[in-house]
Amino acid sequence: MTISSAYIHIPFCQQICHYCDFTKFFYNERLADEYLEALENEIHTYIPGEKAKVKTIFVGGGTPTAVNHAQLKKLLTMIDEHFDVSYCEEYTFEANPGDLDEEKVRLLKEFGVDRISLGVQVFDDDMLEKIGRVHRVKDVYTNVDRLVKAGLTNVSIDLMYALPGQTVDHFEKTIDEAMQFDLPHYSSYSLQIEPKTIFYQRYKKGTLVKPPEEDEAEMYELLQRKLASAGVNQYEISNFSKPGFESKHNLTYWNNEYYFGIGAGAHGYLPGKRTINLRPLPAYTKKAMEDGQPILHEEPVGVKEQMEEEMFLGLRKTEGVSFREFNRKYNKEIVDVFGEAIPKLKDRKLIQESDGFISLTSKGRILGNEVFQEFLLDD
Ligand code: SF4
């Protein structure tokens, strides 16, 4: 069976943001050197021979561009040695606006990276400081300009909303400023207060207050409206693009296709199983150096789980899940498998059917988790 994609995790950051629960560590040159050795061992275990042909590669983090020039070159070289980059339809690097100097941009371009996802979050220096980001608004301008001049025009920016102290007007200014760049892709996420973050501790003490839920819903609707008016269409709950610029890599996830998950804390999906790698840096590095298999946990995925996931993941897309595609994959009709859930959710106006697809309504997008629960099958 074909593995469509590869996700490669680089867990280093120059500063730790107050809301972040990803696998990340302060950048340290020696640790990053050791990590890259371990990463290469893991990649080599999956792909010991001929270069793998995958449709997409996504290097995420952490901040993959937080490493120094020599390390970035080493990383790009090891990817190039194990994956057929020329076959790839999309090769993305995540980056922090402050990190991309001319040499790093040159290296990314030279090694065939053709898409950059920038963690911008908000266009307001005070707010950036409050959420623990290291970059400032001017860095976004400098970096986008540098990328575009280098011919890297397929740029996406991430925005956050429902931040402490953020009003609807404040978020509107951020959307307006983001849209001035006229980029092909935008992602936007509301703040989630996750355990083991600085924000979580403040929330517990009562010193952090999120905007009211009505404001959060208004921010989301505003984002949808404004981007749609500029021809940037919503194609997933949190993702928007001009036609043809949908993230091919992320579509791998939502289409429930297989992908390698490589690096500390990375999740993978391979035929018959999902994998989760060791998260602490020393544990990952040690195990990857020992045998190239730094896996913490493997979860078998049977047909029942695959069909459930097909629905949870596919319904995140605006187009939803195709009846025909479901039948092609599982040799079963969606309505036969989910006979109870579908009429119930339709009655509640959370899902709809049209042109051979089943999809979330606008109300369903807001209450996504309630919908997804209904697609859990009995054993
Ligand atoms: S830069 Fe990204 S990965 Fe690093 S701490 Fe901030 S949010 Fe987390």
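Residues numbered from 1 in each chain as written. Predicted model: local features only at pLDDT ≥ 70, side-chain atom pairs only at ≥ 80, totals over all residues. Heavy atoms only, no water.

Undergrad: Please provide a residue-by-residue account of the packing of helix α1 (residues 29–46) against helix α2 (residues 69–82), values included.
TA: Helix-helix packing is described using two parameters, namely the angle between the two axes and the distance between the axes. Relative orientation of the contacting elements α1 and α2 amounts to 0°, with a least axis distance of 11 Å. By the angle between their axes, α1 is roughly parallel relative to α2. Between α1, through Glu 29, Ala 32, Asp 33, Leu 36, Glu 37, Leu 39, Glu 40, Ile 43 and His 44, and α2, the contact on the second element is made entirely by Gln 71, Lys 74, Leu 75, Met 78, Glu 81 and His 82. Across the contact of α1 with α2, the residue classes tally to six nonpolar, three polar and six charged. (Axes fitted to C-alpha atoms, helices over the stretch in contact; angles between N-to-C directions. Helix = DSSP H or I, 4+ residues; strand = E, 2+ residues; numbered from the N terminus. Parallel < 35°, antiparallel > 145°, perpendicular 65-115°, else oblique. Contact = heavy atoms within 4.5 Å. Nonpolar A, V, L, I, M, F, W, Y, C, P; charged D, E, K, R; others polar.)

Undergrad: So what's going on with the sheet that holds strand β15 (residues 321–322)? Which residues, and what values?
TA: Ordered in space as β15-β17-β16, the three strands form an open sheet in which the pairing is antiparallel. The open sheet has two free edges, formed respectively by β15 and β16 (351–354), since each of these has just one partner strand. Inspection of the sheet shows β16 paired to strand β17 (residues 357–360) by four bridges, in the antiparallel sense. Across the sheet, the residue bridging to Glu 353 is Ile 358, located in β17. (Pairing = 2+ DSSP bridges.)

Undergrad: So what's going on with the site of the ligand? Residues and values would help.
TA: Around the ligand, the surrounding shell consists of Cys 13, Gln 15, Ile 16, Cys 17, Tyr 19, Cys 20, Phe 22, Lys 24, Gly 62, Thr 63 and Arg 133. Here the shell around the ligand is composed, by residue class, of six nonpolar, three polar and two charged. (Near = heavy atom within 4 Å.)

Undergrad: So, the domain arrangement of the protein: which residues are in play, and what are the values?
TA: By a frequent convention, interface size equals the accessible area lost on bringing the separate parts together. Domain annotation for the protein reports domain 1 (5–254) and domain 2 (303–373). Put simply, the middle of domain 1 and the middle of domain 2, counted by C-alpha atoms, are 29 Å apart. At the junction of the two partners, domain 1 supplies eleven residues and domain 2 supplies nine residues. Contact between domain 1 and domain 2 buries roughly 850 Å² in total, counting both sides, with carbon and sulfur atoms accounting for 57%. At the boundary of domain 1 with domain 2, the tally comes to one salt bridge. Two residues, Arg 316 and Glu 236, come together in a salt bridge whose shortest N-O distance is 2.6 Å. (Domains from an automatic or database assignment. Buried area = accessible area lost by both parts, 1.4 Å probe. Salt bridge = Lys/Arg side-chain N within 4 Å of Asp/Glu carboxyl O.)

Undergrad: Outline the side chain of Ser 190, supporting the account with residue identities and numerical values.
TA: By secondary structure assignment, the location of Ser 190 is in strand β8 (residues 185–190). A polar contact of 3.0 Å, which involves the side chain of Ser 190, links it to the side chain of Gln 192. Of the polar contacts made by the side chain of Ser 190, one reaches the side chain of Glu 216; its length is 3.3 Å. Beyond its immediate stretch of four places on either side in the chain, Ser 190 contacts Tyr 161, Ala 162 and Glu 216. (Polar contact = N/O pair within 3.5 Å; in protein donor to acceptor, adjacent residues only side chain to side chain.)

Undergrad: Explain the pairing of strand β6 (residues 115–121) to me, and be specific about the residues and the numbers.
TA: For β6, the buried fraction is high: seven of the seven residues fall into the buried class. Residues Arg 115, Ser 117, Gly 119 and Gln 121 point to one face of β6 and Ile 116, Leu 118 and Val 120 to the other, with burial holding for every one of them. Across four bridges, strand β5 (residues 90–95) lies against β6 in parallel orientation. Bridge assignment links Ala 95 to a residue of β6, and that residue is Leu 118. Read from β5 through helix α3 (residues 102–110) to β6, the crossover connection turns out right-handed. (Buried < 20%, exposed > 50% of the residue type's maximum accessible area, 1.4 Å probe, protein only. Right-handed = clockwise from strand over helix to strand, strands pointing away.)

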